[in-house]
Amino acid sequence: MELIRVNTSMNLNKFLILNRRLHLLKSKAYINGDWVNAQSNKTFSVLDPSTDKPIGTVPDMDATDAKRAVDAAAEAFKTWRNTTAKERSYVLRRWFGICKENRDNVAAILTAEAGKPLSESLGEFDYGNAFLEFFADTARHINGEIVSSPWPNKQILITRQPLGVVSVITPWNFPYAMITRKVGALMAAGCTCVIKPSEDTPLTALVAAQLAEQAGVPKGVINVITSSRENAAAVGKVMCQDPNVGCVSFTGSTFVGKILYGLAASGVKRVALELGGNAPFIVFPSADLEYTVDQALLAKFRNAGQACVGANRFLIHKDVFDEFVTIFKNKISAKIKLGPGTNPGANCGPLINATQAKMVASLVDEAVSKGAKVEIGGKYAKQFGTNFYEATLLVGVKPDMKIYSQEIFGPVAVCSKFNTEDEALQIANNTRSGLASYVFTKDLGQAFRMSRELEFGMVAINDGILSAPEPPFGGIKESGIGREGSRHGVEEYTDIKYTLFSGLAKGM
Ligand code: ADP
């Protein structure tokens, strides 16, 4: 089974070649077209989650470096904002093309620092690069409006203008795609940016910047600053509050998203927030169970469950509960292969770090101590490394267990039973999160009802994967503000300007 839909047929030789493809690794940050150290000269190590061994070091930057990067982006904005849409489209397409030529190199670095299987890294690369291609096209379709005027001799003109420097703060679970999805859109709109990648995965971001440089992205349009977790708050403060910043675009935890939202409020900055999810995966009796379980494997075990759109709560109708659990358990056992990302055949890698692995283990342990039953897995897989956790299926989960309501972010599937459609909806909507949701049914009316009633930004009917550049990605409630991808994703980075042309009568 391939957890990502990508052609990954690959022999051992190719794997070995990929392992040597780390020559694009950078150990400096990128400000105003220069590869630089932190002004303090401090650095921190980036670890391979499969081995916990360092694969590189990068500058540990602080507020001073952040300010320098924002200034560079602000200077570049003065020119970039006045480029034509056609020029921006051309630059984005060149970046897309150069990245594509380096597909295997980027994927190798993704696997090295994020731990994901190579097949998934290639899948993330293809997904992420598709945003650059899509926004190269979209750049040429950011249009205004001329609306009918209520006054004689006056004309109303509505234009969209780039809103300035965008602070881009990204997580470790999709280190390439989270950057292209934001940066492709903001560049198409005419904005410039400062990127702060996660301390766990800064290397992919530096590679993306390196390839952007090769593609002729002008200096200062993209800046990448790297910092350790200790410096994240100080750097984040500058990125949210510097007067030159027009928007904060963040993907990460709801906890940090709320902090950044608060910081941005003092300057009334625009925010684009993609925060945590708590996706229900609802299965009705009419669903084809074999197919549904295959989709469940995708929705749950992709990236070892570390995805904000990952299925977090499997809600199964009572009539098919036992059968679903049996098929799910058998398919997990037959198809999920744990191992380091470079192992041929591995499709479930380590968790990103020891903290994440511990968090997942403690959620399972607490549930089991309160009576949940482990169908398969339920423990660390230390034979592969300290951060590996077995693909796990739990049943008998109750509302008093943390795992019932918390985002798991690990390879642990939790199945609960429901009796009626109304009950499924009530359980599904009973959360402050509202990102992705999944429904499996062959009843068309039921599919439409669920689409209407589910309080989530995204509803997938009969599918376990829903992201692409064309549809708008985003959540409601505490899952975020704004959309990424689609033309809406570009509009996030524009301000609407209304200009009134008056005095048009002859002789005025
Ligand atoms: P995750 O659990 O995915 O690491 P986080 O929300 O903790 O999610 O981190 C996402 C991104 O936010 C990372 O780049 C991290 O360094 C950054 N970050 C964490 N805390 C802060 C902060 N106080 N200010 C700015 N960025 C932060």
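Predicted model only: the values in this text are computed from it and were never measured.

Caption draft 1: Spatial organisation of the environment of proline 344. The residue proline 344 is located in the loop between α11 (321–335) and α12 (354–369) in this model. Taking the C-alpha atoms as reference, proline 344 lies 9.1 Å from serine 119; in sequence the two are 225 residues apart.

Caption draft 2: Up close: the nonpolar core. Trp95, Val183, Leu186, Met187 and Ile222 are the most contacted members of the largest nonpolar core, which has 59 residues in total. Ranked by residue count, the leading element in this core is helix α6 (residues 177–189), at nine residues. In this view, valine 183 contacts Trp95, Val168, Cys193, Ile195 and Ile222; residues no more than four positions away in its chain are not counted. Counting 41 residues, the second-largest nonpolar core is a separate cluster that includes Ala299, Phe314, Ile316 and Ile327.

Caption draft 3: Representation of the state of the cysteines in the model. Applying the stated rule across the entire model yields zero disulfides. For the unlinked cysteine cysteine 193, the closest cysteine sulfur is that of cysteine 191, found at 9.1 Å. A relative accessible area of 0% means that cysteine 193 is categorised as buried. Considering cysteine sulfurs only, cysteine 191 is the nearest to cysteine 247, which forms no disulfide, with 7.6 Å between them. The buried category is assigned to cysteine 247, whose relative accessible area is 1%.

Caption draft 4: Structural context of the layout of surface pockets. Estimates place the volume of the largest pocket at around 1,000 Å³. The wall of the largest pocket is formed by 43 residues, among which Arg229, Phe250, Gly252, Ser253 and Val256 lie closest to the centre. Of all the elements in the fold, those that place two or more residues in the lining of the largest pocket are α8 (229–241), β10 (245–251), α9 (254–265) and α12. Considering each element in turn, the lining of the largest pocket owes the most residues, six residues, to α9. Looking at the lining of the largest pocket residue by residue, the class counts come to 16 nonpolar, 18 polar and nine charged.

Caption draft 5: Quick peek at α11. In a regular helix each residue adds 1.5 Å, so 15 residues correspond to 21 Å; α11 covers 21 Å between its end C-alpha atoms and thus fits that length. Residues of α11 that are buried: Phe321, Phe324, Val325, Ile327, Phe328, Lys331 and Ile332. The arc that holds every buried residue of α11, seen down its axis, measures 170°, which confines them to one face. Facing away from the buried surface of α11 by more than 90 degrees, the exposed residues are Asp322 and Ala334. Those residues of α11 hidden inside the fold are in contact with β12 (279–283), α10 (289–301), β13 (311–317), β14 (373–376), β15 (392–395) and β16 (412–418).

Caption draft 6: Region of the structure containing the site of the ligand. In the vicinity of the ligand, 17 residues are found, and the nearest of them are Thr170, Lys196, Glu199, Arg229 and Ser253. Arginine 229 is positioned such that a nitrogen or oxygen atom in its side chain is 2.6 Å from an oxygen atom of the ligand. Measuring from a nitrogen atom of the ligand, one finds a backbone N or O atom of alanine 232 at 3.3 Å. Isolated, the ligand exposes 550 Å² of accessible area, and the fraction of that covered by the protein chains is 88%. Of all elements in the fold, only α8 and α9 reach the threshold of two or more residues within the shell around the ligand. Looking at the shell around the ligand element by element, the count peaks at four residues for α8. In the shell around the ligand, the residues fall into nine nonpolar, five polar and three charged.

Caption draft 7: Looking closely at the confidence of the model for the chain. For the chain, the average pLDDT comes to 95, and 96% of its residues sit at 70 or higher. Contacts from residues 1–17, a stretch scored under 50 in pLDDT, to residues over four places away or in other chains number 38 contacts.

Caption draft 8: Representation of the sheet that holds strand β20 (residues 494–501) in the model. Judged by pairing direction, the sheet is antiparallel, and its three strands sit side by side in the order β5-β6-β20 without closing on themselves. Each edge of the open sheet carries a strand with a single partner, namely β5 (145–147) and β20. Here the strands of the sheet are splayed against their neighbours by 25° on average, with no regard to which way each runs. Bridge count for strand β6 (residues 155–162) against β20 is eight bridges, and the pairing is antiparallel. Along β20, the bridge assignment pairs threonine 159 with lysine 497.

Caption draft 9: Highlighting the pairing of β10. Within β10, seven of the seven residues are buried, which leaves it mostly tucked inside the rest of the structure. Note: strand β7 (residues 165–169) against β10, five bridges, orientation parallel. Bridge assignment links valine 166 to a residue of β10, and that residue is cysteine 247. In the sheet, β10 pairs with strand β11 (residues 270–274) via five bridges, with the strands oriented parallel. Bridge pairing in β11 links cysteine 247 to arginine 270.

Rules used in this analysis
Residues numbered from 1 in each chain as written. Predicted model: local features only at pLDDT ≥ 70, side-chain atom pairs only at ≥ 80, totals over all residues. Heavy atoms only, no water. Helix = DSSP H or I, 4+ residues; strand = E, 2+ residues; numbered from the N terminus. Core = buried A, V, L, I, M, F, W, Y, C linked by side-chain atoms within 4.5 Å. Buried < 20%, exposed > 50% of the residue type's maximum accessible area, 1.4 Å probe, protein only. Contact = heavy atoms within 4.5 Å. Disulfide = S-S within 2.5 Å. 1 Å grid on protein atoms, 1.4 Å probe; cavity = no way out; pocket = protein on both sides within 12 Å on 5 of 7 lines; lining within 4 Å. Points joined across faces, edges and corners; volume = space filled by probe spheres on them. Nonpolar A, V, L, I, M, F, W, Y, C, P; charged D, E, K, R; others polar. Expected span 1.5 Å × (residues − 1). Arc of directions from axis to C-beta. Near = heavy atom within 4 Å. Polar contact = N/O pair within 3.5 Å; in protein donor to acceptor, adjacent residues only side chain to side chain. Areas by Shrake-Rupley, 256 points an atom, 1.4 Å probe, with all protein chains shown as cover. pLDDT = per-residue confidence, 0-100. Pairing = 2+ DSSP bridges. Axes fitted to C-alpha atoms, helices over the stretch in contact; angles between N-to-C directions.

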